[in-house]
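Inside the fold
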Amino acid sequence: AQTVTQSQPEMSVQEAETVTLSCTYDTSESNYYLFWYKQPPSRQMILVIRQEAYKQQNATENRFSVNFQKAAKSFSLKISDSQLGDTAMYFCALPSGTYKYIFGTGTRLKVLA
Amino acid sequence: DGGITQSPKYLFRKEGQNVTLSCEQNLNHDAMYWYRQDPGQGLRLIYYSQIVNDFQKGDIAEGYSVSREKKESFPLTVTSAQKNPTAFYLCATGKGQGRYNEQFFGPGTRLTVL
């Protein structure tokens, strides 16, 4: 069975510092996408970044980047130069089957001024 | 603008009443989803639909019903059989299939049972 695990329920970081959110997963697929979603206090879910498993290069979107370790089934999100607007819940997600998704339980990140 | 709309944003229901949450999309995506989110929790799948006139139960379908009469619309009815319906409900669409499925989310509806 496919699973997604986020082991850090809450984290905090000082503004302008760097923080890394962890995600581990399990799948029998050889190629797949992984996603990080952000849910700010407004509750609107926003896609932060995606990674295709067969690509060795880690995905980067501005201040957001991933550390993808396929063999270890690890998919962590690094946020550089943290900003107050980064305060949110962050969910790791893995497509499952043809149409379903598996979400992790989320990490609540608070950026401190 | 392309996107997903959910209405109402806030909904109050008396115990014993059925209520229907609206979800409309103009992204031309085939798949649509309903998730439930409780405070401090992740997302749990209620129902999903891959195509018009077809839908599948998710992990927590009891007490809920859906219809998919047209591609753009996927309303969710919370029935009186749902024991604890107070929650935040998210509608999503899916672009692509299988491992390439990327989901897009609406702004959500907060349902409170009085």
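Counting starts from 1 at the beginning of each chain's written sequence and moves along it residue by residue. Here every chain gets a letter starting at A, and every ligand a number starting at 1, in the order they are written. It should be noted that, the model being predicted, local features are given only for residues of pLDDT at least 70 and side-chain atom pairs only at 80 or more, the latter also being counted only at that level, while totals for whole chains, interfaces and linings use all residues. Derived side-chain values reflect all non-hydrogen atoms in the structure, with water molecules and hydrogen atoms excluded from consideration.

1. Here we look at the confidence of the model for chain A
The predicted model of chain A has a mean per-residue pLDDT of 93, with 100% of residues at 70 or higher. By definition, pLDDT measures how confident the predictor is in each residue, and it falls between 0 and 100. Each helix is a run of H or I in the DSSP string that is no shorter than four residues. Each strand is a run of E no shorter than two, and both are numbered from the N terminus. Across chain A, strand β3 (residues 19-21) of chain A holds the top mean pLDDT of 98, while strand β11 (residues 100-103) of chain A sits lowest at 87.

2. Comments concerning the state of the cysteines
All names here are of chain A. Any two cysteine sulfur atoms lying within 2.5 Å of each other are counted as a disulfide. Tallied over the entire structure, the rule returns 2 disulfides over all chains. Across a sulfur-sulfur distance of 2.0 Å, C23 and C92 are joined as a disulfide pair. In this structure, the disulfide formed by C23 and C92 twists by about -70 degrees around the S-S bond and is classed as left-handed. One end of the pair, C23, is in the loop between β3 and β4 (24-26); the other, C92, is in strand β10 (residues 88-96), and 69 residues separate them in sequence. The rule is simple: take the accessible area with a 1.4 Å probe, protein chains only, and divide by the maximum for that residue type; under 20% is buried, over 50% is exposed, in between is partly exposed. Judged by relative accessible area, which is 0%, C92 ranks as buried.

3. A short note on the pattern of salt bridges
One side chain can pair with another of opposite charge once the charged atoms of both are near each other. What makes a salt bridge here is a side-chain nitrogen of Lys or Arg within 4 Å of a carboxyl oxygen of Asp or Glu, nothing more. Tallied over the entire structure, the rule returns 7 salt bridges over all chains. Notably, a salt bridge pairs D59 of chain B with K100 of chain A, separated by 3.9 Å at the nearest N-O pair. One end of the pair, D59 of chain B, is in the loop between β6 (54-57) and β7 (64-66); the other, K100 of chain A, is in strand β11, on a second chain. Overall, D59 of chain B belongs to the exposed group, its relative accessible area being 59%. For K100 of chain A, a relative accessible area of 25% puts it in the partly exposed group. A salt bridge links D38 of chain B to R44 of chain B, with the nearest nitrogen and oxygen atoms 2.7 Å apart. Taking the relative accessible area as the measure of exposure, D38 of chain B reaches 13% and is therefore buried. Ionic contacts of the salt-bridge type, sharing partners, join the residues R36, D38 and R44 of chain B into one network.

4. A word on the interface of chain B and chain A
The criterion used for residue contact is that any of the two residues' heavy atoms lie within 4.5 Å. Taken together, the contact between chain B and chain A spans 26 residues of the former and 24 residues of the latter. Viewed at the interface, chain A and chain B are joined by 2 salt bridges. As used in this structure description, the phrase polar contact means that two N or O atoms lie within 3.5 Å; if the pair is within protein, one of them must be able to donate a hydrogen and the other to accept it, and residues adjacent in sequence are counted only when both atoms belong to side chains. Put simply, chain B and chain A have 7 residue pairs in polar contact (both at pLDDT 80 or more) between them. Going through the elements one at a time, β4 (31-37), β5 (43-51), β9 (87-95) and β10 (102-105) of chain B are the ones with two or more residues in the side of chain B that touches chain A. Of the residues contributing to the side of chain B that touches chain A, the split by class is 11 nonpolar, 11 polar and 4 charged. Each residue is assigned to one class: nonpolar for Ala, Val, Leu, Ile, Met, Phe, Trp, Tyr, Cys and Pro, charged for Asp, Glu, Lys and Arg, and polar for all the others, Gly among them.

5. Digging into the nonpolar core
All names here are of chain A. Among buried residues, those of type Ala, Val, Leu, Ile, Met, Phe, Trp, Tyr and Cys that are joined through side-chain atoms within 4.5 Å constitute a nonpolar core. Counting 26 residues, the largest nonpolar core has W36, F75, L77 and Y90 as its most contacted members. When contributions to this core are tallied by element, the ones reaching two or more residues are β3, β5 (33-39), β6 (46-52), β8 (64-69), β9 (74-79), β10 and β12 (107-112). Top contributing element to this core by residue count: β10, with 4 residues. In contact with L77, not counting residues within four places along its chain, are V19, T20, L21, W36, V48, I49, F64, S65, V66 and Y90.

6. Things to note about the environment of D26 of chain A
Along the chain, the position of D26 of chain A falls in strand β4. Along the chain, D26 of chain A and F64 of chain A lie 38 residues apart, while their C-alpha atoms are 23 Å from each other.

7. Examining the sheet that holds strand β3 (residues 19-25) of chain B
All names here are of chain B. Only strands joined by at least two bridges in the DSSP assignment are considered to pair. Spatially, 4 strands are ordered β1-β3-β8-β7 in an open sheet, and the strand pairing comes out antiparallel. The open sheet is flanked by β1 (4-7) and β7, the only strands paired with a single partner. Neighbour-to-neighbour, the strand axes of the sheet open up by a mean angle of 20 degrees, direction not taken into account. Throughout, an axis means a line fitted to C-alpha atoms (over the contacting stretch in the case of helices), and angles, computed between N-to-C directions, take values from 0 to 180 degrees.

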